[in-house]
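So you can see what is in the structure, the chains are spelled out below.
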Amino acid sequence: SVLLYQKPNRDICQSGTSLKIQCVADSQVVSMFWYQQFQEQSLMLMATANEGSEATYESGFTKDKFPISRPNLTFSTLTVNNARPGDSSIYFCSSRGGFDTEVFFGKGTRLTVV
Amino acid sequence: AQKVTQTQTSISVMEKTTVTMDCVYETQDSSYFLFWYKQTASGEIVFLIRQDSYKKENATVGHYSLNFQKPKSSIGLIITATQIEDSAVYFCAMREGTNAYKVIFGKGTHLHVLP
């Protein structure tokens, strides 16, 4: 398995500003995934980030709005640009260890945009 | 396209009883992986159990077990001897064998275990 540490745990930001969410893994991992979860809803995969290459975004998510960096095998950041109240949700980073089939999750970042 | 469907929005059971949560999936792949996760009241998402499509035996971990019915594309989660702390939202999820990255989730079932 892999342990993932996210920060901040929660944040409140003003509309139109940007917020960075960091994710650190306790071991080197090939891929990191970012999920969005609205209140009482399912988890939606936003993008997949591999080291040294551009993130791959799922339908409905763009790199202009949610740029992701993956500078090394243990770290990733998700930025929420031009935040809007509709972006208020929980953001999770996720990954799987070398021999794992299942993915594991960080504790999430609860974002409120006012 | 892959799809995971959980039709039970909420279930309430008495403590120490057995509960089954339903999940059906759609995939074109002959190889795939099915998972169940638990999201606690604090928001933490915990991996519970996995079923590989090529395995005939139902997976079991602790008081969690699966009812894998491949012809029906169904993967039910069974929790025996439920405890109050099992109260949570349970998500069914799937990853296709040909896609190493994409795990998709159902909408979740909220389990309430009553004393």
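These numbers come from a predicted model, not from an experiment. (Residues numbered from 1 in each chain as written. Chains lettered and ligands numbered in written order. Predicted model: local features only at pLDDT ≥ 70, side-chain atom pairs only at ≥ 80, totals over all residues. Heavy atoms only, no water.)

Caption draft 1: How the structure looks around the overall build of chain B. Counting its regular elements, chain B contains 0 helices and 12 strands. Of the regular secondary structure in chain B, the N- to C-terminal order runs β-β-β-β-β-β-β-β-β-β-β-β. Against the 2.2 N^0.38 benchmark of 13 Å for 115 residues, chain B shows a C-alpha radius of gyration of 14 Å, consistent with a compact globule. Within chain B, the proportion of its 115 residues that are buried is 50%. For chain B, long-range pairs separated by at least 24 residues make up 55% of all intrachain contacts whose partners lie at least 6 apart in sequence. Here chain B carries 11 positive and 10 negative side-chain charges, and the mean point of each set is 5 Å from the other. (Helix = DSSP H or I, 4+ residues; strand = E, 2+ residues; numbered from the N terminus. Rg over C-alpha atoms; globule rule 2.2 N^0.38 Å. Buried < 20%, exposed > 50% of the residue type's maximum accessible area, 1.4 Å probe, protein only. Contact = heavy atoms within 4.5 Å. Lys, Arg positive; Asp, Glu negative; His and termini not counted. Charge placed at Lys NZ, Arg CZ, Asp CG, Glu CD.)

Caption draft 2: Seen up close, the nonpolar core. Judged by nonpolar contacts, the single largest core of 26 residues is most densely connected at W36, I75, L77, Y90 and L111 of chain B. Only β2 (10-14), β3 (19-21), β5 (32-39), β6 (45-52), β8 (64-69), β9 (74-79), β10 (88-96) and β12 (109-114) of chain B provide two or more residues apiece to this core. The next biggest cluster of nonpolar side chains, apart from the first, holds 25 residues, and it includes M46, A55, A83 and L111 of chain A. (Core = buried A, V, L, I, M, F, W, Y, C linked by side-chain atoms within 4.5 Å.)

Caption draft 3: View of the interface of chain A and chain B. At the junction of the two partners, chain A supplies 19 residues and chain B supplies 18 residues. For the pair chain A and chain B, the summed buried area comes to about 1700 Å², and 55% of that belongs to carbon and sulfur atoms. Considering only the surface of chain A that becomes buried against chain B, L43, T101 and E102 of chain A emerge as the three largest contributors, covering 28% of it. Here chain A and chain B share 3 salt bridges between them. K107 of chain A serves as the salt-bridge partner of E44 of chain B, at 3.3 Å between the closest nitrogen and oxygen. The tally of links between chain A and chain B comes to 7 residue pairs in polar contact (both at pLDDT 80 or more). Those elements giving two or more residues to the side of chain A that touches chain B turn out to be β4 (31-37), β5 (43-50) and β10 (104-105) of chain A. The residue inventory of the side of chain A that touches chain B, partitioned by class, reads 8 nonpolar, 7 polar and 4 charged. (Buried area = accessible area lost by both parts, 1.4 Å probe. Salt bridge = Lys/Arg side-chain N within 4 Å of Asp/Glu carboxyl O. Polar contact = N/O pair within 3.5 Å; in protein donor to acceptor, adjacent residues only side chain to side chain. Nonpolar A, V, L, I, M, F, W, Y, C, P; charged D, E, K, R; others polar.)

Caption draft 4: Up close: the sheet that holds strand β1 (residues 4-7) of chain A. Residues and elements named next belong to chain A. Strand order in the open sheet formed by 4 strands is β1-β3-β8-β7, and the pairing between neighbours is antiparallel. Strands at the two margins of the open sheet, each flanked by one partner only, are β1 and β7 (68-72). Ignoring which end each strand starts from, the neighbouring axes of this sheet average 20° apart. Two elements, strand β3 (residues 19-25) and strand β8 (residues 75-80), share 6 bridges in a ladder whose sense is antiparallel. Counterpart to Q22 in the pairing with β8 is T77. (Pairing = 2+ DSSP bridges. Axes fitted to C-alpha atoms, helices over the stretch in contact; angles between N-to-C directions.)

Caption draft 5: Layout of the pattern of salt bridges. Counted according to the given criterion, the structure contains 7 salt bridges over all chains. Taking the shortest distance from any N to any O, the salt bridge between K63 of chain A and E54 of chain A comes out at 3.5 Å. Given a relative accessible area of 47%, K63 of chain A falls into the partly exposed group. For E54 of chain A, a relative accessible area of 58% translates into the label exposed. A salt bridge links E102 of chain A to R50 of chain B, with the shortest nitrogen-to-oxygen separation between them at 2.9 Å. Of this pair, E102 of chain A sits in the loop between β9 (89-95) and β10 while R50 of chain B sits in strand β6, placing the two residues on different chains. Through salt bridges with shared partners, a single network forms among E102 of chain A together with R50, D52 and K55 of chain B.

That is the geometry; function is a separate question.
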